[in-house]
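# Summary of the model geometry
In case you want the letters, here they are:
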Amino acid sequence: MARTVLVAVLALFLGAAVAAPASAHEVVLRDDEGRAMRFDVRADVDVDWYAGLLRRAAHGNEIERVTIRIVDWRELAGQCSTDAAAGCYSRRNGNRGLMVVPAGRSSGIAHTVVHEYGHHVDASRRHGGLVEPNGTPLWWKARGMAELVAVRSVRNRYQVGWDRAISEVFAEDYAYTNLRRSFKIGWLEPPTRVVQQAILADLGLAAPPTITDTRPAIKPVVITREGTLQPNGRITVDFGLLGPNRYVRLQGVLVGAGVTRGHVEVVCDARQRRRGLTGKTPTTAFGLTGVGPAACTASITNTGTQPGRYRLVVRLGLQRRPTA
């Protein structure tokens, strides 16, 4: 049967215990409202610990439409079809979800369990006729996802990486809302209180928040290189711009004994800019705007006869549209 699998990336879970293989058996426990939670247990674990995580996590009736399969670490890669998996989620048998999570008891495994349940929340709530998976309606608006889609910072699958998939942004936001720690999307700020309330409101567990700003909270990308640059030496930084309407800003410094000469340059596909560096003007700053998508290179070169101390700073960002 064709199926889509959402995978959590393995990171910092080495403290988890490796459980011995065990015969599969089903355990049915209840949440605080009496709803059934079904576990397919294939390892020697404390099932109550997993059940407690899900009882405390924000949820609704969809919890009765998922099976939580607990396997040992040696089984996990085969179940999730990748060695990099910390857990995974898929839809099977019509409307029923399947979470596969590792055996053990740690903060990392707790994050995986809640993150994978976030995928189930996403899969259980369609909105706006958008391509699934796409999170939930109020979350989409509060997180500024429409802008991120428009500028191609995110995709509906894994075309440009795990952390750029819409489903993974939602699952990480859901995990952070419940656990308040360990946010793994490095290019975004953790969800604000408004975004967290939006998730709870989509679950029917809070009033809808007042959403006054839908601009995504993107972290600035800053790349810095510094050290000693020999005569005729060149330092380069390669980077890509995923979508349109990006800016690139450079700052270069080259100082040293004697006559110091050099230049700083940026090339983004067909666009290029260069500024010189001399003993009188050892610092320069400039940039490109309205660029992308593009493959780019920034560099600093020493064209003098003496070594020089250099510093090259590259700042990347999204040009903001003016507010009304």
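Before any of the text, the structure's been laid out above.
Throughout what follows, the structure given in this document is the object of discussion. Computed from a prediction, not measured in an experiment: that's the story for all the values here.

## Description of the overall build of the chain
- Along the backbone of the chain there are 7 helices and 14 strands.
- Oriented by its inertia axes, the alpha-carbon framework of the chain measures out at about 80 × 50 × 35 Å.
- In the chain, once contacts between residues fewer than 6 apart in sequence are set aside, the share between residues at least 24 apart is 69%.
- Each charge sign in the chain was given a centre, from 43 positive and 28 negative side chains, and these centres are 10 Å apart.

## Considerations on the pattern of salt bridges
- Within the structure shown, the criterion is met by 11 salt bridges.
- The partner of Arg35 in a salt bridge is Asp31, with the nearest N and O atoms 2.7 Å apart.
- Assessed through its relative accessible area of 5%, Asp31 is described here as buried.
- Residues joined by salt bridges that share partners form a network here, namely Asp40, Arg42 and Arg69.

## Observations concerning helix 2 (residues 73-80)
- Regarding helix 2, the residues found buried are Trp73, Leu76, Gln79 and Cys80. In an axial view of helix 2, the angular spread of the buried residues amounts to 100°, which keeps them on one side of the axis. What points out from helix 2, more than 90 degrees from its buried face, is the exposed set Arg74 and Gly78.
- Among the residues of helix 2, the N-terminal cap falls to Asp72, whose side-chain oxygen and the backbone nitrogen of Arg74 are separated by 3.0 Å.

## Observations regarding the pairing of strand 4 (residues 66-71)
- Burial analysis of strand 4 places 6 of its 6 residues in the buried class, the great majority of the element.
- Alternating positions in strand 4 separate into two faces, Val66, Ile68 and Ile70 on one and Thr67, Arg69 and Val71 on the other, with burial throughout.
- Inspection of the sheet shows strand 3 (residues 36-43) paired to strand 4 by 4 bridges, in the parallel sense. When the bridges of strand 4 are listed, Arg38 appears paired with Thr67.
- Note that the unit made of strand 3, helix 1 (residues 47-56) and strand 4 has a crossover that is left-handed.
- Bridge count for strand 4 against strand 6 (residues 96-102) is 6 bridges, and the pairing is parallel.

## Some thoughts on the nonpolar core
- In this structure, Phe39, Tyr50, Trp139 and Tyr174 are the most contacted members of the largest nonpolar core, which totals 58 residues.
- The next biggest cluster of nonpolar side chains, apart from the first, holds 23 residues, and it includes Leu254, Leu277, Ala294 and Leu312.

## Some thoughts on helix 3 (residues 107-123)
- Between its terminal C-alpha atoms helix 3 stretches 25 Å, which fits the 24 Å expected from 17 residues at 1.5 Å a residue.
- Here helix 3 lies mainly inside the structure; 15 of its 17 residues are buried.

## As for the state of the cysteines
- This structure, assessed with the given rule, holds 2 disulfides.
- The disulfide partner of Cys80 is Cys88, and the gap between their sulfur atoms is 2.1 Å. On the S-S bond that ties Cys80 to Cys88, the torsion sits near -80°, and the link is left-handed.
- One disulfide in the model links Cys268 with Cys296; its S-S distance is 2.2 Å. Its torsion about the S-S bond being 115°, the disulfide of Cys268 and Cys296 is classed as right-handed. Taken together, the residues Cys268 in strand 10 (residues 261-268) and Cys296 in strand 13 (residues 294-302) connect sequence positions 28 residues apart. Taken individually, Cys268 and Cys296 each receive the classification buried, so the pair is uniform in this respect.
- What connects to what in the chain, once the bonded cysteines are numbered by sequence position, is 1-2, 3-4.

## What to know about the sheet that holds strand 9 (residues 246-255)
- Across the sheet, 4 strands lie side by side as 7-14-9-12; this open sheet has antiparallel pairing. Looking at the sheet topology across the chains shown, the edges are occupied by strand 7 (221-229) and strand 12 (283-291). Averaged over all adjacent pairs, the angle separating strand axes in this sheet is 10°, with direction ignored.
- Relative to strand 14 (residues 308-318), strand 7 is paired through 9 bridges, and the arrangement is antiparallel. When the sheet's bridge partners are listed, Gly227 is paired in strand 14 with Tyr310.

## Focus on unusual backbone geometry
- Pro293 follows Gly292 through a cis peptide bond whose omega is -10°.
- Structurally, the position occupied by Pro293 is in the loop between strand 12 and strand 13.
- Unusually for a residue other than glycine, Arg180 sits at a positive phi of about 60°.
- Following the sequence through the fold, Arg180 ends up in the loop between helix 6 (166-179) and helix 7 (193-202).
- The class of Arg180 is exposed, set by a relative accessible area of 56%.
- For Ser182, which is not glycine, the phi torsion reads 55° and is therefore positive.

## Side note on the packing of helix 3 against helix 6
- Between helix 3 and helix 6, the shortest axis-to-axis distance is 8 Å and the interhelical angle comes to 125°. What the angle tells us is that helix 3 and helix 6 run oblique. Pair helix 3 / helix 6 crosses with right-handed handedness. Listed contacts from helix 6 to Ala110, His111, Val114, His115, Tyr117, Gly118, His119, Val121 and Asp122 of helix 3 are Ser167, Glu168, Phe170, Ala171, Glu172, Tyr174, Ala175, Asn178 and Leu179.
- Within the contact of helix 3 with helix 6, the residues separate by chemical class into 9 nonpolar, 6 polar and 3 charged.

Conventions we followed
- Residues numbered from 1 in each chain as written.
- Predicted model: local features only at pLDDT ≥ 70, side-chain atom pairs only at ≥ 80, totals over all residues.
- Heavy atoms only, no water.
- Helix = DSSP H or I, 4+ residues; strand = E, 2+ residues; numbered from the N terminus.
- Contact = heavy atoms within 4.5 Å.
- Lys, Arg positive; Asp, Glu negative; His and termini not counted.
- Charge placed at Lys NZ, Arg CZ, Asp CG, Glu CD.
- Salt bridge = Lys/Arg side-chain N within 4 Å of Asp/Glu carboxyl O.
- Buried < 20%, exposed > 50% of the residue type's maximum accessible area, 1.4 Å probe, protein only.
- Arc of directions from axis to C-beta.
- Polar contact = N/O pair within 3.5 Å; in protein donor to acceptor, adjacent residues only side chain to side chain.
- Pairing = 2+ DSSP bridges.
- Right-handed = clockwise from strand over helix to strand, strands pointing away.
- Core = buried A, V, L, I, M, F, W, Y, C linked by side-chain atoms within 4.5 Å.
- Expected span 1.5 Å × (residues − 1).
- Disulfide = S-S within 2.5 Å.
- Axes fitted to C-alpha atoms, helices over the stretch in contact; angles between N-to-C directions.
- Parallel < 35°, antiparallel > 145°, perpendicular 65-115°, else oblique.
- Left-handed = near helix turned anticlockwise from the far one by under 90°.
- Nonpolar A, V, L, I, M, F, W, Y, C, P; charged D, E, K, R; others polar.

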